Structure formats: C-alpha cells, structure tokens
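So the chains spell out like this:
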Amino acid sequence: MNKYLIVDKNIVPDYFEKVIEARNLIKNGKCTNVSEAVKIVGISRSTYYKYKDSVFLPSDNNIGKKALISIMLEDKSGALSEVLNLISSCECNIITINQNIPINDVASVVISLDVSKATSHIEDILAKLETSKFILSSRLIALG
C-alpha cells in the first residue's frame, strides 16, 4: 500500500496549509524563528512541529518528478557507492549529493533525485535503501 497521497486541500484541515505557510515564512527570511511564524499564521508551535515534516506542496509543473531524501550513513568504505547503486537500480537519476563530515562514524547525506522514470514508488525506494547494511536511517524530506 502506498504511504503518500495527493489530495485536494479543500478536504484537509486548514492548519496543514498554515504549517506550509509558516515554513515558507521562515525559509524566505520573513520570520527569524518558529514562534514568530506560527503566531503570524495562527497555529500552535506543537501543530507546526507535528506536521512540518509531513505536509508539502507539489511543484507547479513537476508534480512527482523530484524527491529529496535524507540518509544517516555509516562511515565505511563503499557505503555511499552502495547507496548510489541502489538508487540507480530503481532508474532514478541523482541530481545532487550533499554528504557532511562524519561525526561518531556516521555521515548525514542528502540526495536529490529525479524520479520521473523510476521503476518503483518512492516508498519502495526508501524501503530498498533500508536494506543496506550501511544505512542507519532514511527518510523522505520532500516530493515535488
């Protein structure tokens, strides 16, 4: 069963849209912190934190073609190569890779993908990544 849905915003609670609005206020520099942003849009901080990583707007002209994933990866030789091979085996095109310096033998990696020709749903791609012995965790950050 698929984990993600695209639904008309008229059928979901209005605070979902307000979470996106608050996130955009912070991202665009119009607010310097979460407290200020949630006050402007009229939601609680707890509502913001509960939904901030789960509610997204699709890109206007690229719906479902791009994905951003975050991975916590063991600092082992060949680890990143295995991840890239797993992604490639799903017919995803890697757009960017940002790997941070490992701390305590774990590196944070953020990968942006073109999934327009993927042979699997994004949930299946994430599940496949979780099978790697080097990946401690992975999650979808954005889909658009």
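Structure report, in brief. (Residues numbered from 1 in each chain as written. Predicted model: local features only at pLDDT ≥ 70, side-chain atom pairs only at ≥ 80, totals over all residues. Heavy atoms only, no water.)

The residue asparagine 104 is not glycine, and still its phi comes out positive at about 55°. Residue placement: asparagine 104 occurs in the loop between strand S2 (93-99) and strand S3 (106-114). Judged by relative accessible area, which is 73%, asparagine 104 ranks as exposed. For aspartate 105, which is not a glycine, the phi torsion comes out positive at approximately 65°. Structurally, aspartate 105 can be placed in the loop between S2 and S3. (Helix = DSSP H or I, 4+ residues; strand = E, 2+ residues; numbered from the N terminus. Buried < 20%, exposed > 50% of the residue type's maximum accessible area, 1.4 Å probe, protein only.)

This paragraph deals with the packing of aromatic side chains. The final tally for this structure, using the stated rule, is four aromatic pairs. Ring geometry for tyrosine 15 versus tyrosine 51: centroids 5.5 Å apart, planes at 35°, classification tilted. Remark: tyrosine 51 occurs in helix H3 (residues 45-51) and tyrosine 15 occurs in helix H1 (residues 14-27); sequence separation between them is 36 residues. Ring centres of phenylalanine 16 and tyrosine 51 lie 5.0 Å apart, and the angle between their planes is 65°; on these two criteria the pair is classed as edge-to-face. With phenylalanine 16 in helix H1 and tyrosine 51 in helix H3, the pair connects residues that are 35 residues apart, well separated along the chain. Its relative accessible area of 21% is what places phenylalanine 16 among the partly exposed residues. (Phe/Tyr/Trp six-rings, centres within 6.5 Å; stacked < 30°, edge-to-face > 60°.)

In globular proteins that are soluble, nonpolar side chains generally tend to be buried together. Within the largest apolar cluster, 21 residues are counted, with the highest numbers of intra-cluster contacts made by Ile69, Ile71, Leu73, Val83, Ile87, Ile111 and Leu129. Elements represented by at least two residues in this core include exactly strand S1 (66-74), helix H4 (79-89), S3, helix H5 (122-130) and strand S4 (135-143). Look past the residues within four positions of isoleucine 111 in its chain and what remains in contact with it is Ala67, Leu68, Ile69, Ile71, Val83, Leu84, Ile87, Ile94, Thr96 and Ile97. Judged by nonpolar contacts, the second largest core, of 13 residues, contains Ile20, Ala22, Ala37 and Val55. (Core = buried A, V, L, I, M, F, W, Y, C linked by side-chain atoms within 4.5 Å. Contact = heavy atoms within 4.5 Å.)

Purely geometric numbers; function is a separate question.
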